[in-house]
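A closer look at the structure
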Amino acid sequence: MNIRISTTMSSFSSLWLPLQISSQRTPSVLPRVVCLNEGASHVVLQAEASSDVGNSSITVSKHRRTFGLSQKQSLLLRKPLNKDSKQLKALLTSSTQDTSTSFVNDGKIGVLLLNLGGPETLDDVQPFLFNLFADPDIIRLPRLFRFLQKPLAQFISVARAPKSKEGYAAIGGGSPLRQITDDQAKELRKALYDKNVPAEVYVGMRYWHPFTEEAIEQIKKDGVNKLVVLPLYPQFSISTSGSSLRLLESIFREDEYLVNMQHTVIPSWYQREGYIKAMADLIETELRSFDRPEKVMIFFSAHGVPVAYVEEAGDPYKAEMEECVDLIMEELERRKINNSYTLAYQSRVGPVEWLKPYTDETIIELGEKGVKSLLAVPISFVSEHIETLEEIDVEYKELALKSGIEKWGRVPALGCNPTFILDLADAVIESLPYVGAMAVSNLEARQSLVPLGSVEELLATYDSQRRELPAPVTVWEWGFTKSAETWNGRAAMLAVIVLLFLEVSTGEGFLHQWGVLPLHMPVLP
Ligand SMILES: C=CC1=C(C)c2cc3[nH]c(cc4nc(cc5[nH]c(cc1n2)c(C)c5CCC(=O)O)C(CCC(=O)O)=C4C)c(C)c3C=C
Ligand SMILES: [Fe+2]
């Protein structure tokens, strides 16, 4: 037995960092009550262990998590748990016995999958980009300039559309995201039924059809009264899951039906055993296609975010990404696969600094260092999309071959991989005991999953000072060096804001001459 658990007083910022205890015999369970100080209502549990309790082998991944305690629980547990703790055993047993069954017969369950959405035709590209850039979690303007959000989005989307259209044309004229996400929803529904949890699964996209608003309408029509919200991003970012949850929260806040709907949110799930195993399976299979698998460098390529998101707004994305890669590599090592590996960030847009190292620069460096075989692993997204099908498969492959890399491979996205879908089903089932367990605005009652009523508050912990994030999107750029490019971009952005301000306030200017203004906004349902 080797368990080390330490607890400290709560800080809400750790709420997004899930801790999972899983048992080989039973589905994963979440420890729900651990208390350090008498009378405490919240604790952070920090755990790192691999051990046996009873006949079950339990692994506790290395995470911190905040737990809300009911008064009774708080009174019950007044000491840190130690390795011989009968209370831990009792807790695990009660959590394990606390299966979904009692929650299944009692209400109509819905699962809402949140995703980004993508243009289905080339005509959709500009309005899709408009929706993306109109999102204040993608371009956050200073408060004074908020009224420029939509004109700026219109301007950038029009300017970027030709380049984006080229990309979408190269992958068949549109994004495959809707089809793949619909298929994942169907498979998840089937997996839940097979596990005796009848639930409807809905898809709500952030920037294209079916919009989150459309999914919510259907959820209401179907009379769902227990909802599990599951963003399809393994790692949390303010720009992805955060943005979708913020939107959902605003929808919930304004709707009487939804205000009263019991729900819970699974904010990120990159640490789940099934997901890690599924990723490791894909990598193991793909490695076999190389002549000398042991010589291949495993190249994790994640979608980037601007550095300011992580360093100024506290986005946990980078930390979760690095931990995710570590967990996958640990799983591969358990399978005696000890390849070298690296993580880089792709798809940067605009004049600000994005997370480094950049994928393109890293590929060139690896070529220079004499790496001959590279296996690209897209890691931030679970479907094929423009950035796997075009950026990785075409642009990065070409760059790699030019840089001296001789053999290039790419791991497919998870899509409907059965191990992955079963794990998502388990994640949903494990969250059911938490559906409605917490009052929407009652922080004291909050347990390990997140109620939507507090999403805004939780997002604010990343960005407590509400600092303005620079716009990550290039409108135009000039200059020869990286830093000149950055500063030129910022100057250009400032100039654009001033010009837009003048245009909007006077009703005259080059955008009116070009027909960009007045705006013809796409209508959201
Ligand atoms: C975890 C995944 C993603 C993060 C983080 C993310 C941040 C982010 N993205 C942009 C700008 C664009 N993203 C675009 C497409 C796109 N983005 C993701 C995922 C993440 N984005 C996906 C899966 C897709 C593709 C959808 C599809 O149609 O297949 C685009 C449009 C494509 C293009 O023109 O390149 C833009 C623009 C920013 C600015 C950002 C963080 C601030
Ligand atoms: Fe993106």
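Higher on the page you've got the structure.
Described in the following lines is the structure provided in the data block. (Residues numbered from 1 in each chain as written. Chains lettered and ligands numbered in written order. Predicted model: local features only at pLDDT ≥ 70, side-chain atom pairs only at ≥ 80, totals over all residues.)

So, the packing of helix α6 (residues 177-194) against helix α15 (residues 418-431)
Between α6 and α15, the least distance of the axes is 9 Å, while the angle of their chain directions is 65°. Considering only the axes of α6 and α15, their crossing is right-handed. Along its contact with α6, which presents Gln184, Glu187, Leu188, Ala191 and Leu192, the element α15 presents Ile421, Leu422, Leu424, Ala425 and Val428. A breakdown of the residues in the contact of α6 with α15 according to their chemical character gives 8 nonpolar, 1 polar and 1 charged. (Axes fitted to C-alpha atoms, helices over the stretch in contact; angles between N-to-C directions. Helix = DSSP H or I, 4+ residues; strand = E, 2+ residues; numbered from the N terminus. Left-handed = near helix turned anticlockwise from the far one by under 90°. Contact = placed C-beta atoms within 7 Å. Nonpolar A, V, L, I, M, F, W, Y, C, P; charged D, E, K, R; others polar.)

Description of helix α13 (residues 359-368)
Residues of α13 that are buried include every one of Thr359, Thr362, Ile363 and Leu366, and no others. Buried positions in α13, seen along its axis, are confined to an arc of 105° and lie on one side of it. Next to the buried residues of α13 lie β9 (297-303), β10 (341-346), β11 (373-378) and α14 (386-402). (Buried ≥ 20, exposed ≤ 12 C-beta atoms within 10 Å, placed from the backbone. Arc of directions from axis to C-beta.)

Some details on the sheet that holds strand β7 (residues 226-231)
Spatially, the 4 strands line up as an open sheet ordered β6-β5-β7-β8, and their pairing is parallel. At either end of the open sheet lies a strand with only one pairing partner, and these are β6 (199-205) and β8 (262-265). Across the sheet, the mean angle from the axis of one strand to that of its neighbour is 20°, orientation sign disregarded. The pairing of strand β5 (residues 109-115) with β7 spans 6 bridges and is parallel. In the strand pairing of β7, isoleucine 109 is matched with lysine 226. Taken strand by strand, helix α8 (residues 238-253) contacts β5, β7 and β8, and its axis lies near 150° from that of β7. (Pairing = 2+ DSSP bridges.)

What about the site of ligand 1?
Close contacts around ligand 1 come from 23 residues, with Gly118, Ser164, Ser175, Ser380 and His385 the closest. Residues belonging to the shell around ligand 1 are distributed by class as follows: 12 nonpolar, 9 polar and 2 charged. (Near = placed C-beta within 6 Å.)

Brief notes about the pairing of β11
Within β11, 6 of the 6 residues are buried, which leaves the element mostly enclosed by the surrounding structure. Going residue by residue along β11, you find Ser373, Leu375 and Val377 tucked away on one face and Leu374, Ala376 and Pro378 tucked away on the opposite face as well. For β9 and β11, the ladder comprises 5 bridges, and the chain directions are parallel. When the sheet's bridge partners are listed, methionine 297 is paired in β11 with leucine 374.

A look at unusual backbone geometry
With an omega of -5°, the peptide bond between histidine 209 and proline 210 qualifies as cis. By secondary structure assignment, the location of proline 210 is in the loop between β6 and α7 (212-221). The peptide bond linking lysine 356 to proline 357 adopts the cis configuration, its omega dihedral lying at 0°. Inspection of the secondary structure puts proline 357 in the loop between β10 and α13. Even without a glycine there, the phi angle at asparagine 196 is positive, about 60°. Within the fold, asparagine 196 resides in the loop between α6 and β6. By the C-beta count within 10 Å, which is 10 here, asparagine 196 ends up exposed. Notably, serine 347 is not glycine yet its phi reads approximately 65°, a positive angle. With respect to the helices and strands, the residue serine 347 is situated in the loop between β10 and α13.

As for the packing of α7 against α8
Their axes nearest at 11 Å, the elements α7 and α8 cross at an angle of 45°. It follows that α7 is oblique to α8 by the angle criterion. You can see that α7 and α8 cross each other, and the crossing is right-handed. Only Ser244, Leu247, Leu248 and Ile251 of α8 make contact with α7, whose side of the interface consists of Thr212, Glu213 and Ile216. For the contact of α7 with α8, a count of residues per class yields 4 nonpolar, 2 polar and 1 charged. (Parallel < 35°, antiparallel > 145°, perpendicular 65-115°, else oblique.)

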